[in-house]
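Structural description and commentary
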Amino acid sequence: MAEKVQATLAGQPLWRGLDQRQLAEVAQAARWSRLEAGSFFFHQEEAANALYLLVQGQVGMAQVTPEGQQVILRIVSPGDPFGWMALMPQAAYPASAQALVASEALFWDAETMAQLMERHPRIALNVLPLLAEQLREMQNRYRELATERVERRVARALLRLVRQTGRKVENGVLIDFPLTREDLADITGTTLYTVSRILSGWEKQGLIETSRQRILIRSPHGLVIIAEDLSMP
């Protein structure tokens, strides 16, 4: 099992620069978490006590606003770490992490991560750019929610999901995990009615094709035009 974990860690940005002996130590300290779809790795405002690395599945990072609206801030794909606040002393998770499909993750409790970073400063150095990237992503999401038209937000969200989970098929690119219109409304901070209206319009234009919990992007370029607010040729 430790060899399987070590192979999973090899090449991950968080562990870049560690030699095989050091990677083996990190692998030995890891534990597995396996959840069914709909279950939570952790909830918003819980004490941040573990850092996770998704191995299989998809995880939605969602935050409930003071007004009670749920917003999905990020979709975690295999190979992505989540639960970064576990690296901060006495911190709480700012968002919930829910398995969107059956998912598996490796995790290290906060005390173990602190010990690993103390013994191997390279890990701490690797954390800094990864945290900076997370911050940039969150800033971009908040900017989108605050300033952009709903159509642009929906187009950008679909294009992000294409980059993260897209699978080329005969008629386009399939977002390859269950995605409901309600999920997309949560991701874009709007209503189910608005998302349904937008998707129906795009379907009539031939940009997308929808089925039960699946969205096929038939014209990625068409979505780019909407996302970037460009003129149609």
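Our structure's up above, just so we're on the same page.
Now for a description of the structure that goes with this document. (Residues numbered from 1 in each chain as written. Predicted model: local features only at pLDDT ≥ 70, side-chain atom pairs only at ≥ 80, totals over all residues. Heavy atoms only, no water.)

**Section: the packing of helix H5 (residues 150-165) against helix H7 (residues 192-205)**
Each pair of packed helices can be summarised by the angle the axes make with each other and by the distance between the axes. Closest axis-to-axis distance for the H5/H7 pair is 11 Å, and the angle between their directions is 75°. Accordingly, the angle class assigned to the pair H5 and H7 is roughly perpendicular. Here H5 contributes Val150, Glu151, Val154, Ala155 and Leu158 to the contact with H7, which in turn contributes Thr194, Val195, Arg197, Ile198, Leu199 and Trp202. (Axes fitted to C-alpha atoms, helices over the stretch in contact; angles between N-to-C directions. Helix = DSSP H or I, 4+ residues; strand = E, 2+ residues; numbered from the N terminus. Parallel < 35°, antiparallel > 145°, perpendicular 65-115°, else oblique. Contact = heavy atoms within 4.5 Å.)

**Some details on empty space enclosed by the protein**
Applying the stated rule across the entire model yields one cavity of 30 Å³ or more. Lining of the largest cavity is provided by Ile72, Leu73, Arg74, Ile75, Glu137, Arg141, Ala157, Arg160, Leu161, Gln164 and Ile187. Contributions of two or more residues to the lining of the largest cavity are made by strand E5 (70-76), helix H4 (121-147) and H5. Residues that form the lining of the largest cavity fall into these classes: six nonpolar, one polar and four charged. (1 Å grid on protein atoms, 1.4 Å probe; cavity = no way out; pocket = protein on both sides within 12 Å on 5 of 7 lines; lining within 4 Å. Points joined across faces, edges and corners; volume = space filled by probe spheres on them. Nonpolar A, V, L, I, M, F, W, Y, C, P; charged D, E, K, R; others polar.)

**Considerations on the sheet that holds strand E7 (residues 96-99)**
Strands sit in the order E2-E7-E4-E5 across an open sheet of four strands; the sheet is antiparallel. Unpaired on one side and paired on the other, strand E2 (40-42) and E5 mark the two borders of the sheet. Neighbouring strand axes in the sheet, compared pairwise and without regard to direction, differ in orientation by 30° on average. (Pairing = 2+ DSSP bridges.)

**Digging into the sheet that holds strand E10 (residues 172-175)**
Spatially, four strands are ordered E9-E10-E12-E11 in an open sheet, and the strand pairing comes out antiparallel. The open sheet is flanked by strand E9 (166-169) and strand E11 (208-211), the only strands paired with a single partner. Geometrically, the sheet is characterised by an average inter-axis angle of 25° between neighbouring strands, direction not taken into account. The pairing of E11 with strand E12 (residues 214-217) spans four bridges and is classified as antiparallel. Bridge assignment links Ser211 to a residue of E12, and that residue is Arg214.

**Looking at the pattern of salt bridges**
For side chains of opposite charge, pairing can occur when their charged atoms come near one another. Per the stated rule, a full pass over the model turns up nine salt bridges. Here Glu25 ties to Arg119 by a salt bridge, and the two come within 2.7 Å at their closest N and O atoms. Remark: Arg119 occurs in helix H3 (residues 110-119) and Glu25 occurs in helix H2 (residues 20-29); sequence separation between them is 94 residues. On the accessibility criterion, Arg119 (48% relative accessible area) is partly exposed. For the salt bridge of Glu104 with Arg34, the shortest nitrogen-to-oxygen distance reads 3.5 Å. With Glu104 in strand E8 (residues 103-109) and Arg34 in strand E1 (residues 31-35), the pair connects residues that are 70 residues apart, well separated along the chain. Arg34 sits in the partly exposed class, given a relative accessible area of 48%. (Salt bridge = Lys/Arg side-chain N within 4 Å of Asp/Glu carboxyl O. Buried < 20%, exposed > 50% of the residue type's maximum accessible area, 1.4 Å probe, protein only.)

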